[in-house]
Structures are given as C-alpha cells and as structure tokens.
Amino acid sequence: GANVYWMNDDDANGQIMRVPTSGGTFVELARGQKDPEGIAVDGTSVYWTSYYGNQIMKVPMGGGTPPVQVNRVEDALKLPKGTPFVDPYGVPRVR
C-alpha cells in the first residue's frame, strides 16, 4: 500500500496515525481514543477497537472525525458479510 498505519496506545488519548511508505510526515487520523487496540485497513477506511470504550471505531483513510461503526464489540457479528472489524483481542477480521 501507499501508507503504513499504526496506533499510539494510551488509556485516554490514543492516536491513529499514518505515514507514506516512501517516508515523510506522520499524519494523525484520530486522537483521544480510549486505549486503541488492533488495526485493520480496507480500501477506504481504517478500523480499530477502543478497548475501554468497548467500541469498534472507523475513520476515512484521509482522516476526519472517527465515528463509531458498531456500538459495542459484541454487536460485531451483526455486521453484513464482508465487513472488516477488529475483535476484542485486537485481531483484524472480516465478517
């Protein structure tokens, strides 16, 4: 891919970041995340779990305010088939 994505884990102010694979400036996609765990990327979005918030979060690859994709991690099984998600252990999966 064109970018590398990662998270800076913090109990109250975690970040979701990206940088071009060719090098360059780090870009913050989301901040203020409650202990982000696991990360998955599809063609349009970056997904992660908010461990303390018990949520699966999503932000466009270009950045923006991260909406909650699923209210609770346990609700992930209700996602349509083919939807990427991160399980409670931080493992990226596709329904």
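To be clear, the structure that these remarks concern was listed above.
Engineer: How should I be thinking about the environment of proline 36 in this particular structure?
Structural biologist: Along the chain, proline 36 falls in strand S4 (residues 36-41). Judged by relative accessible area, which is 2%, proline 36 ranks as buried. Counting along the chain gives 24 residues from proline 36 to alanine 12, while the straight-line C-alpha distance between them is 9.2 Å.

Engineer: Can you help me understand the pairing of strand S2 (residues 14-20) in this one?
Structural biologist: Two faces, one strand: in a regular strand the side chains alternate between the faces of the sheet. Counting buried residues in S2 gives five out of seven residues, a clear majority hidden from the surface. In the sheet, strand S1 (residues 3-8) pairs with S2 via six bridges, with the strands oriented antiparallel. Within S2, the position partnered with methionine 7 by the bridge is isoleucine 16. Turn length for the S1-S2 hairpin, with the two strands adjacent in sequence and antiparallel, is five residues. As paired strands, S2 and strand S3 (residues 27-33) are joined by four bridges and run antiparallel to one another. When the sheet's bridge partners are listed, glycine 14 is paired in S3 with glutamine 33.

What counts and how
- Residues numbered from 1 in each chain as written.
- Predicted model: local features only at pLDDT ≥ 70, side-chain atom pairs only at ≥ 80, totals over all residues.
- Heavy atoms only, no water.
- Helix = DSSP H or I, 4+ residues; strand = E, 2+ residues; numbered from the N terminus.
- Buried < 20%, exposed > 50% of the residue type's maximum accessible area, 1.4 Å probe, protein only.
- Pairing = 2+ DSSP bridges.

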